[in-house]
Amino acid sequence: MTTRALITGITGQDGSYLAELLLEKGYEVYGIVRRASVISTERINHLLFPEEKINLVYGDLGGDIESLIHDIKPDFIFNMASMSHVKVSFDVPIYTLDINAIGPTRILEAIRHSGLKGKTRCYQASSSEMYGMSPPPQDETTPFHPCSPYGIAKLAAYWMVRNYREGYGIFAANGILMNHESKRRGETFVTKKIVRGAVRIKLNKQKDLVLGNLNAKRDWGHSRDYCKAIIAIAHHTEPDDFVVATGEHLSIMTFVQRVFSRLDLDWKQFVKYDERYTRPKEVPELCGNPAKIKRVLGWEPEIRIDGLIEEMISGVMDEELHARS
């Protein structure tokens, strides 16, 4: 019998890579998308046309997801959907809590009440933002100290997963992922904004790049590598929680320097600061310790930061050159 997987947030960066990897394993893949007047399937169009390799169904973490789970009866649920912009979460904290905290709880309740407790495994996309002010390196034993509605909501979902695992015997696992990027990264995220701006400056399409806090340090990996870790976590013999990270980190300023240097540009001539792009409360430094996932699951990141930057620049350059022509 074919293994069936349900992915929320399938149109996002991680959801698209996860769908590809599961298809490679021969899984039957379902993806939940929100009904909207604007088509947002760019990252998965290659899985829909010319041959429909995945099954899309309409739904929302803010609504009744129980009927979808009951009808599909998935072997795996990968909850990748969220209100994912940390700064915006300060503007819409109630919505953020509903989608990022209550949404995962709706999934867990659906598993509990649909007779799928012994069949369905649930993976929850937790976040390094839960660590907030806790100093690095952060691992599975580091105290949580979130600094945003986004981090707080993700932490609530994290504890719900553990509660349903321990209280009801549901296979529910958390992946605490450090920052991860790719050429599919959304345009509002700082890494993509930096790469897009630098490429456009190189092509004389843009004069400068306006950013916020350049001193924050992050542990950056590649989304596809991290999705391999997600699959390993979901297939582990026992449900557990794992930090997924490279263990290397650098400041946003260093990221800017490397991107501009790769394009033979002096970043100091083009980068400007605007406090509007800072958060009410900043997370100063995130660097994960991946010792547990390496030891227990044998996972290793394959793409390091320079390879990631190279891929992102190449992808944006192709898009900009095509747009210009």
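Preceding this paragraph is the structure being described.
Residues numbered from 1 in each chain as written. Predicted model: local features only at pLDDT ≥ 70, side-chain atom pairs only at ≥ 80, totals over all residues. Heavy atoms only, no water.

Student: Go over the packing of helix 6 (residues 190-202) against helix 8 (residues 252-262), please, and point to the residues and values.
Tutor: One can describe the packing of helix 6 onto helix 8 by two numbers: an axis separation of 10 Å at closest approach and a directional angle of 30 degrees. Regarding the angle of helix 6 to helix 8, the classification is roughly parallel. Every pair of crossing elements has a handedness; the one defined by helix 6 and helix 8 is right-handed. Of the residues in helix 8, those touching helix 6 at Val190, Thr191, Ile194, Val195, Ala198 and Ile201 are Ile252, Phe255, Val256, Val259 and Phe260. Among the residues forming the contact of helix 6 with helix 8, the class breakdown is 10 nonpolar, one polar and no charged. (Axes fitted to C-alpha atoms, helices over the stretch in contact; angles between N-to-C directions. Helix = DSSP H or I, 4+ residues; strand = E, 2+ residues; numbered from the N terminus. Parallel < 35°, antiparallel > 145°, perpendicular 65-115°, else oblique. Left-handed = near helix turned anticlockwise from the far one by under 90°. Contact = heavy atoms within 4.5 Å. Nonpolar A, V, L, I, M, F, W, Y, C, P; charged D, E, K, R; others polar.)

Student: Which residues make up helix 1 (residues 13-24), and what values go with them?
Tutor: Think of an α-helix as turning once every 3.6 residues; residues three or four places apart then point the same way. If you check helix 1, its first and last C-alpha atoms are 17 Å apart, about what 12 residues at 1.5 Å a residue would give, namely 16 Å. Burial analysis of helix 1 places 10 of its 12 residues in the buried class, which makes it a mostly covered element. Here helix 1 has its buried residues at Gln13, Asp14, Gly15, Ser16, Tyr17, Leu18, Ala19, Glu20, Leu21 and Leu22. (Expected span 1.5 Å × (residues − 1). Buried < 20%, exposed > 50% of the residue type's maximum accessible area, 1.4 Å probe, protein only.)

Student: Break down the nonpolar core for me, citing the residues and quoting the values.
Tutor: Membership of the largest hydrophobic core comes to 34 residues, with the highest contact counts inside it found for Ile7, Leu18, Leu22 and Phe78. By residue number, the principal contributor to this core is helix 7 (residues 223-234), which donates seven residues. Contacts of Ile7, omitting those with residues within four sequence positions, involve Gly15, Leu18, Ala19, Leu22, Val29, Tyr30, Gly31, Ile32, Phe78 and Met80. Counting 29 residues, the second-largest nonpolar core is a separate cluster that includes Ala198, Ile252, Ile313 and Val316. (Core = buried A, V, L, I, M, F, W, Y, C linked by side-chain atoms within 4.5 Å.)

Student: I'd love a proper account of the pattern of salt bridges, names of residues and values included.
Tutor: Summed over all chains, the structure comprises 26 salt bridges. For Arg185, the salt bridge is made with Glu181, and the minimal N-O distance between the two is 2.7 Å. Overall, Arg185 belongs to the buried group, its relative accessible area being 15%. Residue Lys192 is joined to Glu187 by a salt bridge in which the shortest nitrogen-to-oxygen separation is 3.3 Å. For Lys192, a relative accessible area of 3% puts it in the buried group. Shared partners join several salt bridges into a network, and the residues in it are Glu187, Lys192, Arg196, Arg200, Lys205, Glu319 and Glu320. (Salt bridge = Lys/Arg side-chain N within 4 Å of Asp/Glu carboxyl O.)

Function-wise, these values are silent; they only describe arrangement.
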